[in-house]
Amino acid sequence: MHSEACDPQEPQSPTGRRILDFEFRNSLPRVRTPSLSSAAPDPSPRSPALSSPPIMGSEARSAVKIVKGEFGYVLEDVPHLTDYLPELPAYLNPLQDNPAYSVVKQYFVDQDDTVPEKIVVQRDSPRGLHFRRAGPRQRVYFESDDVHACIVTCGGLCPGLNTVIREIVCGLTHMYGVNKIIGIEGGYRGFYARNTIQLTPKSVNDIHKRGGTVLGTSRGGHDTLKIVDNIQDRGINQVYIIGGDGTQKGAAAIFEEIRRRRLKVSVAGIPKTIDNDIAVIDKSFGFDTAVEEAQRAINAAHVEAGSVENGIGVVKLMGRYSGFLAMYATLASRDVDCCLIPESPFYLEGKGGLFEYMEKQLKENGHMVIVVAEGAGQDLIAESMRSMNHEDASGNKLLLDVGLWLSQRIKNYFTSRQKMVINLKYIDPTYMIRAIPSNASDNVYCTLLAQCAVHGAMAGYTGFTVGLVNGRHTYIPFDRVTETRNTVVITDRMWARLLSSTNQPSFLSSKDVEEAKMMEEIPKQTADEEKSMENGST
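It should be emphasised that the depicted structure is a prediction, and the values quoted were computed from it without experimental measurement.

**Quick word on the packing of helix α3 (residues 224-234) against helix α4 (residues 245-260)**
Here α3 crosses α4 at 60°, and the two axes come no closer than 10 Å. Taken together, α3 and α4 sit at an angle that is classed as oblique. Of the two possible hands of crossing, α3 and α4 adopt the one that is right-handed. Residues T224, L225, I227, V228 and I231 of α3 form the contact with α4, whose participating residues are A253, I254, E257 and I258. Looking at the contact of α3 with α4 residue by residue, the class counts come to seven nonpolar, one polar and one charged.

So, in structure tokens, the structure goes:
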């Protein structure tokens, strides 16, 4: 594409007026390197001795952009290349000449379109926090012939990875005419190991029908300086990073280093986790597929348990810190008698404990099914068996297999103490669920996420994750999806629905309930305090 360059538009507020209270918190220090143009690479130094240390996690908040409007409106905007390359030229979006979009009433997302974080409000509530709506813009900051994009997948497997890869490639090629796209093999370490493959619509045509990732993946291997050196050496100017919260933290560090060097490189993240624990967004891709596939394991456990006297089926599902998969799989099944998740503490023996409930179920029904998330009950495991202080290469806490531990405790209790013969079957479908291709619902979701990421990168946005917020696709700053984790709120109605479905006890004392409510209020109070401080500083 060779389009006429256009002057970048001045940012405007949602009311159409010029933004007067646009602010950079902790704005970038000036870097003494030549300004990057769209035609020439930046010759800035790459020696580790001359580079600042990589910024990870919540420390990487130096690019938070706040736009404020009337009636308590707050937009937490994402970075843009023109924030540190103000002379960057813009071009007309080639989508306006794309025949596929000829029937669309409105080609492009309005510059002022934003999506509220909360949609349930009271009459006098302020308009609240918003995120920038995702989608194609009227102006882009890359010419198609100049784009050199790369895609990398990191962390564990998840249904839909290949679909996202495919749709990024097809979106760049068919919508924007990009023809230089490579895949980084083996996760983050593939950048500096120089393992790459060329990606074309033809080469990725059928990969969505397969599970896993054609690019390969790994945990760890993140070296910010080496990765950015490789990006710069290869002339890559768009980086698409697919992974969970640890991967997105790494993406944030890559963005910070790229911006420090003042490179014309857009960094876009697509969040991935079966646990559905990514903050802010409605859900992550692959979650629907995982819930659906978990039904097979639960059905098998139910059949096994119901076919013998005192049959017990125990199914362990993913959920290191968040029990969404276990909760939704339980609600979808209706064959589960007890669901145990990390957010809801439980105990085994004594009045109101799990064993008492199991005795009652076996006497009344002759069988039962238990679904347990992998992170549940870790505090109950004996100190000698715990691995709480060990982490994997991604920094995730290594957990003991609670399914095996719980199964053994159940067997010991009923055979030695109650003198009751039980038939227990333990099923762990973890790798079966992770390795399957995504279902129809997730395929559509993956397509939209991938295309929105492409639109955002082409429009010059960077340092963002694309995600669904209240049913609308948005661009979210990296730090917002990495600073906290989405967890099941056990004082919420959804958990109450599960308790009503299974008829299990809550295992909670009044003290536990109060503590859960307090923990739920702390993030809200912290957010309110931060907003108050921001308001006071303007």
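**So, the nonpolar core**
I151, I168, Y240, I270 and F285 are the most contacted members of the largest nonpolar core, which has 104 residues in total. Contact partners of I168, with chain neighbours within four places excluded, come to I151, Y240, I242, I270, A450 and V454. In this structure, C338, Y357, A376 and L406 belong to the second largest nonpolar core, which totals 26 residues.

**Quick look at the side chain of S218**
Inspection of the secondary structure assignment puts S218 in the loop between β11 (196-198) and α3. At 2.7 Å, the side chain of S218 and the backbone oxygen of G186 are in polar contact. At 3.2 Å, the side chain of S218 forms a polar contact with the side chain of R189. Contact partners of S218, with chain neighbours within four places excluded, come to C154, G155, G186, G187, Y188 and R189.

**So, the side chain of T213**
Tracing the chain through its elements places T213 in the loop between β11 and α3. Accessibility expressed as a relative area gives 14% for T213, which makes it buried. Side chain to side chain, T213 and T153 meet in a polar contact 3.1 Å long. Polar contacts involving the side chain of T213 include one to the main-chain amide nitrogen of L215, which spans 3.2 Å. Not counting residues within four places of it along the chain, the set of residues in contact with T213 comprises T153, L157, L161, N162 and I165.

**Some thoughts on the sheet that holds strand β15 (residues 338-340)**
Hydrogen bonds between backbone atoms are what pair the strands of a sheet, whose relative direction is either parallel or antiparallel. Read across the open sheet, the four strands follow the order β15-β16-β14-β17; overall the sheet is parallel. Strands with a single pairing partner mark the edges of an open sheet, and in this sheet they are β15 and β17 (423-427). Sheet twist, expressed as the average angle between the axes of neighbouring strands with direction ignored, equals 15°. Strand direction decides the pairing type here: β15 and strand β16 (residues 367-373), joined by three bridges, are parallel. Across the sheet, L340 pairs through a bridge with V372, a residue of β16.

**Details of the environment of T114**
Along the chain, T114 turns up in strand β6 (residues 114-116). Along the sequence, T114 and L75 sit 39 residues apart, while their C-alpha atoms lie 7.6 Å from each other. In contact with T114, not counting residues within four places along its chain, are Y73, L75, H130, F131, R132 and R133.

**Quick word on the packing of helix α7 (residues 354-365) against helix α8 (residues 402-417)**
Between α7 and α8, whose axes approach to 12 Å, the crossing angle comes to 65°. In terms of axis orientation, α7 runs roughly perpendicular to α8. When the axes of α7 and α8 are compared, the crossing they make is right-handed. Note on element contacts: α8 touches α7 through L406, R409, I410, Y413 and F414, opposite L354, F355, M358, E359 and L362. Class assignment of the residues belonging to the contact of α7 with α8 gives a composition of eight nonpolar, no polar and two charged.

**Let's talk about unusual backbone geometry**
Comment: phi is negative for the bulk of residues other than glycine, and the bulk of peptide bonds are trans. A positive phi angle, close to 60°, is found at N276, a residue other than glycine. We note that N310 has phi near 50°; this positive angle belongs to a residue other than glycine. Along the chain, the position of N310 falls in the loop between α5 (287-306) and β14 (311-317). Classification of N310 as buried rests on a relative accessible area of 12%.

**Some words on the packing of aromatic side chains**
Counting across every chain of the model gives nine aromatic pairs. Their ring planes at 90° and their centres at 5.1 Å tell us that Y413 and F414 sit as a pair that is edge-to-face. Each member of the pair, Y413 together with F414, is buried. Measuring from centroid to centroid gives 4.7 Å for F464 and Y475, while their planes differ by 55°, and the two rings are tilted. One end of the pair, F464, is in strand β18 (residues 464-469); the other, Y475, is in strand β19 (residues 472-477), with eleven residues separating them in the sequence. Y475 shares its class with F464; the two are buried.

**A look at helix α10 (residues 440-458)**
Between its terminal C-alpha atoms α10 stretches 27 Å, which fits the 27 Å expected from 19 residues at 1.5 Å a residue. Within α10, 14 of the 19 residues are buried, which leaves the element mostly enclosed by the surrounding structure. The opening residue of α10, the one whose side-chain oxygen lies 3.3 Å from the backbone nitrogen of S441, is N439. G460 sits one or two residues past α10 and shows a positive phi near 95°.

Cut-offs and rules
- Residues numbered from 1 in each chain as written.
- Predicted model: local features only at pLDDT ≥ 70, side-chain atom pairs only at ≥ 80, totals over all residues.
- Heavy atoms only, no water.
- Axes fitted to C-alpha atoms, helices over the stretch in contact; angles between N-to-C directions.
- Helix = DSSP H or I, 4+ residues; strand = E, 2+ residues; numbered from the N terminus.
- Parallel < 35°, antiparallel > 145°, perpendicular 65-115°, else oblique.
- Left-handed = near helix turned anticlockwise from the far one by under 90°.
- Contact = heavy atoms within 4.5 Å.
- Nonpolar A, V, L, I, M, F, W, Y, C, P; charged D, E, K, R; others polar.
- Core = buried A, V, L, I, M, F, W, Y, C linked by side-chain atoms within 4.5 Å.
- Buried < 20%, exposed > 50% of the residue type's maximum accessible area, 1.4 Å probe, protein only.
- Polar contact = N/O pair within 3.5 Å; in protein donor to acceptor, adjacent residues only side chain to side chain.
- Pairing = 2+ DSSP bridges.
- Phe/Tyr/Trp six-rings, centres within 6.5 Å; stacked < 30°, edge-to-face > 60°.
- Expected span 1.5 Å × (residues − 1).

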